[in-house]
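# Tertiary structure, described
Each chain is listed here by its residues.
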Amino acid sequence: DQQVKQNSPSLSVQEGRISILNCDYTNSMFDYFLWYKKYPAEGPTFLISISSIKDKNEDGRFTVFLNKSAKHLSLHIVPSQPGDSAVYFCAAATQGGSEKLVFGKGTKLTVNP
Amino acid sequence: DAGVIQSPRHEVTEMGQEVTLRCKPISGHDYLFWYRQTMMRGLELLIYFNNNVPIDDSGMPEDRFSAKMPNASFSTLKIQPSEPRDSAVYFCASVTAGTGLGLIPGELFFGEGSRLTVL
């Protein structure tokens, strides 16, 4: 049973526009969330994270929003660039000492020039 | 630092053969993770080690899978015998607890992966 769900396998946007990637989770014990980016033939790399005590975290063009009541988070990329084309994984964990990140299946983002 | 190093990058083998995947974590990292990526299930945690000791292997799919970490700089994931459904990309990742207060979930450093194809 998928505890972290990324329901959109793919997303295509135009360069310069906003990309919004969504993620839902079912385990209410999760209190720390991360996004990883993965290029073909490479390993995932950490992008941005958010703790459940916040509802927004921003890093340059990347912003993650967390809606705890809806058990939903989203990653916004503004403006989108062709180099952002990659697979984006949402991940969740508990801060109580768990070392186990639970990943979603990923969303493939394509940014068209 | 060279990052997490995995070998081989690609492996094609026949059903029934033994497969050994190797990982060198980043020096100083005291946690090591093995993940498997498939289209159907995404990234799944198979097993992780802390200070070379296996902590949780509940993600290991079957007894055909085994993992070892004989020292802080080397780990193996072995599949014996291999089956076509084992075909996937296997990732190794490492991280340090840093403060020693316990691992704060966050930035795992992944290797480039080993793509396994079992015919």
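This report concerns the structure included in the present document. Worth saying up front: this structure is predicted, and the values here are computed from it rather than measured.

## With respect to the overall build of chain B
Helix and strand content of chain B: zero helices and 11 strands. Taken from the N to the C terminus, the helices and strands of chain B come in the order β-β-β-β-β-β-β-β-β-β-β. Principal-axis analysis of the C-alpha atoms gives chain B an extent of 45 × 30 × 25 Å. In chain B, buried positions account for 49% of the 119 residues. Here the contacts in chain B between residues at least 6 apart in sequence split such that 56% fall between residues at least 24 apart. Chain B carries 10 positive and 14 negative side-chain charges, and their two centres are separated by 3 Å.

## Digging into the packing of aromatic side chains
Per the stated rule, a full pass over the model turns up 14 aromatic pairs over all chains. Judged by centre distance (5.4 Å) and plane angle (90°), the ring pair of F103(A) and Y35(B) falls under edge-to-face. Of the two residues, F103(A) sits in strand 10 (residues 102–103) while Y35(B) sits in strand 4 (residues 31–38), which places them in two different chains. Owing to a relative accessible area of 0%, Y35(B) belongs among the buried residues under this scheme. For the pair F103(A) and F110(B), a centre-to-centre distance of 6.2 Å together with 80° between the ring planes defines the contact as edge-to-face. Of the two residues, F103(A) sits in strand 10 while F110(B) sits in strand 10 (residues 109–110), which places them in two different chains. For the pair F103(A) and F110(B), one class covers both residues: buried. Aromatic ring contacts, followed pair by pair, group Y36(A), F46(A), F89(A), F103(A), Y31(B), F33(B), Y35(B), Y48(B), F91(B) and F110(B) into a single cluster.

## Structural notes on the interface of chain B and chain A
At the interface, 23 residues of chain B touch 21 residues of chain A. Of the roughly 1,800 Å² buried between chain B and chain A on both sides combined, carbon and sulfur atoms contribute 61%. Inspection of the region where chain B meets chain A yields zero salt bridges. For the interface between chain B and chain A, the tally reads three residue pairs in polar contact (both at pLDDT 80 or more).

Procedures and definitions
Residues numbered from 1 in each chain as written. Chains lettered and ligands numbered in written order. Predicted model: local features only at pLDDT ≥ 70, side-chain atom pairs only at ≥ 80, totals over all residues. Heavy atoms only, no water. Helix = DSSP H or I, 4+ residues; strand = E, 2+ residues; numbered from the N terminus. Buried < 20%, exposed > 50% of the residue type's maximum accessible area, 1.4 Å probe, protein only. Contact = heavy atoms within 4.5 Å. Lys, Arg positive; Asp, Glu negative; His and termini not counted. Charge placed at Lys NZ, Arg CZ, Asp CG, Glu CD. Phe/Tyr/Trp six-rings, centres within 6.5 Å; stacked < 30°, edge-to-face > 60°. Buried area = accessible area lost by both parts, 1.4 Å probe. Salt bridge = Lys/Arg side-chain N within 4 Å of Asp/Glu carboxyl O. Polar contact = N/O pair within 3.5 Å; in protein donor to acceptor, adjacent residues only side chain to side chain.

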